[in-house]
Amino acid sequence: MIVVTGATGNVGRPLVQALAAAGEQVTAVSRRPADATLPDGVRHHRADLADAESLRTALDGADALFLLLSGELLTGGESPAALVDVARSAGVRQVVLLSSQILGTRPVPPSHARLGAFEQAVRESGLDWTILRPSGFHSNAFAWAEPVRTGGTVPAPFGDVALPTVDPADLAAVAAVVLRGDGHHGRTYVLTGPAPVSPREQAAALGEATGAPLAFVELSREAARAHLLAFMPEHVADGTLDILGAPTDAERQVSPDVERLLGRPAGTFADWARRNAAAFHRTSPAE
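Owing to the predicted nature of the structure, the values given are computational and were not obtained by experimental measurement.

Colleague: Looking at this structure, I do not really get the overall build of the chain. What am I missing?
Modeller: From N to C terminus, the chain includes 12 helices and nine strands. In terms of overall dimensions, the chain is globule-like: its C-alpha atoms have a radius of gyration of 19 Å, near the 19 Å expected for 287 residues. Expressed as lengths along the three principal axes of its C-alpha atoms, the size of the chain is roughly 55 × 40 × 35 Å. Split into buried and exposed, the 287 residues of the chain put 47% on the buried side. In the chain, 75% of the contacts between residues at least 6 apart in sequence involve partners at least 24 apart. About 12,900 Å² of surface is accessible on the chain, with carbon and sulfur atoms providing 51% of the total.

Below, the structure is given as structure tokens:
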């Protein structure tokens, strides 16, 4: 059995679907109640990874664990070692951790220190482990959905700084390959999209996908920071802006790992935008 944490999110949901479609026995773990979109035969377990013991029942009989950490867990809560200990004591033999490309491209910033501790705990667990290090997600563009729908604008800083963001669906597909296949123990994969894309180019792609040109509004770093502080701590906001505004050469590079693992090119941001266009459709004043 494979246990998938973060099972209702942009990566966890398609991963559960892929594993179930392949005939795997799956337990989907989330903090929210189960919903009707879970595939038939998938068991749901409600747990909060900030409390490692809440996961123990879900791990009963499990062979593998996909570990996706919530933002709250990355800023505090349960220790990485405690979470890994629960998995090991439950009989889990394999763990796949969704981490971040940043841990391999620069000195670990404060915003990613907890994630670095989880990587270390997984490596030292004695289990078969694989670490997935994605770049930024295409789906981060959902943050623009409201200004696009209500005003036809895409507000973002660093408009012409391009990074090879990755499709969460590709991350799920890679995770399914790793969880079901051999030869991945002790490996760390860097997962990016097929080409760097800037916020201004993303805005153009969203406009094409929705059939209505959008205006790109370049924010200052200060304005962007004020927006981020509404939902993340200061050190996380500052670290995020450092990466978006001054990426390293390694963070700008396209990794071949998605294509190598899936046997096809990674999906482009334009592909993702077309698939998710409904979330960005403009509303009329009467609506």
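Colleague: Got a minute to help me understand the packing of aromatic side chains in this structure?
Modeller: One pair of aromatic rings is described through two measures. These are the centre distance and the angle between the planes. All chains considered together, the criterion is met by four aromatic pairs. Taking the centre distance of 5.9 Å and the plane angle of 5 degrees together, the rings of Phe142 and Phe280 count as stacked. One end of the pair, Phe142, is in the loop between strand S6 (128–134) and helix H5 (145–151); the other, Phe280, is in the segment after helix H12 (269–275), with 138 residues separating them in the sequence. Assessed through its relative accessible area of 0%, Phe280 is described here as buried.

Colleague: How should I be thinking about the pattern of salt bridges in this particular structure?
Modeller: When charged atoms on two side chains of opposite charge get close, those side chains can pair. Counted by the stated rule, this structure contains 16 salt bridges. With its nearest N and O atoms 2.8 Å apart, the salt bridge here joins Arg56 to Glu53. Classification of Arg56 as partly exposed rests on a relative accessible area of 32%. Notably, a salt bridge pairs Arg221 with Asp242, separated by 2.9 Å at the nearest N-O pair. You can see Arg221 sitting in helix H8 (residues 221–228) and its partner Asp242 sitting in helix H9 (residues 234–245), a full 21 residues away along the chain. A cluster of three or more residues bridged by salt bridges with shared partners is formed by Glu119, Arg123 and Arg133.

Colleague: Any chance you could explain helix H1 (residues 12–21) here in plain terms?
Modeller: Note: α-helices contain 3.6 residues per turn, so residues at a spacing of three or four share the same orientation. Taken together, the buried positions of H1 are occupied by Gly12, Leu15, Val16 and Leu19. In a view along the axis of H1, the buried residues occupy a sector of 100 degrees, so they form one face of it. Along its buried surface, H1 packs onto strand S1 (2–4), strand S2 (26–30), strand S4 (64–67) and helix H6 (168–180). After H1 finishes, the residue Gly23 shows a positive phi value of roughly 90 degrees.

Colleague: Would you mind showing me how to read the side chain of His45 here?
Modeller: Relative to the elements of secondary structure, His45 occurs in strand S3 (residues 43–46). Classification of His45 as buried rests on a relative accessible area of 13%. When neighbours within four sequence positions are excluded, His45 is seen to be in contact with Thr27, Ala28, Val29, Ser30, Ser54, Thr57 and Ala58.

Colleague: Is there a simple way to explain the sheet that holds S2 in this structure?
Modeller: Paired through backbone hydrogen bonds, the strands of a sheet run either parallel or antiparallel to each other. Strand order in this open sheet of seven strands is S3-S2-S1-S4-S5-S6-S8, and the pairing throughout is parallel. Edge positions in the sheet fall to S3 and strand S8 (187–191), since each of these pairs with one other strand and no more. Put simply, the sheet's adjacent strands are angled 20 degrees from each other on average, direction ignored. Looking at chain direction, S1 and S4 are connected through three bridges and run parallel. Counted as the bridge partner of Val3 is Leu65 from S4.

Colleague: What should I look at first to understand the environment of Gln202 in this one?
Modeller: Assignment of secondary structure puts Gln202 in helix H7 (residues 199–210). Of the residues examined, Gln202 reaches a relative accessible area of 8% and is grouped as buried. Linking Gln202 and Val148, residues 54 residues apart in sequence, is a C-alpha distance of 12 Å.

Colleague: Can you help me understand the layout of surface pockets in this one?
Modeller: A probe as big as a water molecule, rolled over the atoms, marks out the empty space that is left. Of the voids in this model, the second largest pocket is the one considered here, and its volume is about 180 Å³. If you go around the second largest pocket, you meet 14 residues; those closest to its centre are Asn10, Pro14, Trp272, Arg275 and Asn276. Looking at the lining of the second largest pocket, the elements that each hand over two or more residues are H1, H6 and H12. Ranked by the residues each element gives to the lining of the second largest pocket, the list is headed by H1, at three residues.

Colleague: I'm lost on the environment of Glu259 in this one. Help?
Modeller: With respect to the element layout, Glu259 can be found in helix H11 (residues 257–262). Along the chain, Glu259 and Thr248 lie 11 residues apart, while their C-alpha atoms are 22 Å from each other. Residues contacting Glu259, with those up to four places away along its chain left out, are Arg264 and Pro265.

Colleague: Teacher, can you tell me more about empty space enclosed by the protein here?
Modeller: Tallied over the full model, the rule gives one cavity of 30 Å³ or more. Empty space within the largest cavity amounts to approximately 40 Å³. Contributing to the lining of the largest cavity are Leu65, Leu67, Leu83, Val84, Ala87, Val95, Val122, Ser125 and Leu127. Breaking the lining of the largest cavity down by element, the ones donating at least two residues are S4 and helix H3 (80–89). For the lining of the largest cavity, the leading source of residues is H3, giving three residues. Tallied by class, the residues present in the lining of the largest cavity amount to eight nonpolar, one polar and no charged.

Basis of the calculations
- Residues numbered from 1 in each chain as written.
- Predicted model: local features only at pLDDT ≥ 70, side-chain atom pairs only at ≥ 80, totals over all residues.
- Heavy atoms only, no water.
- Helix = DSSP H or I, 4+ residues; strand = E, 2+ residues; numbered from the N terminus.
- Rg over C-alpha atoms; globule rule 2.2 N^0.38 Å.
- Buried < 20%, exposed > 50% of the residue type's maximum accessible area, 1.4 Å probe, protein only.
- Contact = heavy atoms within 4.5 Å.
- Areas by Shrake-Rupley, 256 points an atom, 1.4 Å probe, with all protein chains shown as cover.
- Phe/Tyr/Trp six-rings, centres within 6.5 Å; stacked < 30°, edge-to-face > 60°.
- Salt bridge = Lys/Arg side-chain N within 4 Å of Asp/Glu carboxyl O.
- Arc of directions from axis to C-beta.
- Pairing = 2+ DSSP bridges.
- Axes fitted to C-alpha atoms, helices over the stretch in contact; angles between N-to-C directions.
- 1 Å grid on protein atoms, 1.4 Å probe; cavity = no way out; pocket = protein on both sides within 12 Å on 5 of 7 lines; lining within 4 Å.
- Points joined across faces, edges and corners; volume = space filled by probe spheres on them.
- Nonpolar A, V, L, I, M, F, W, Y, C, P; charged D, E, K, R; others polar.

Keep in mind that these numbers describe shape and distance, not what the molecule does.
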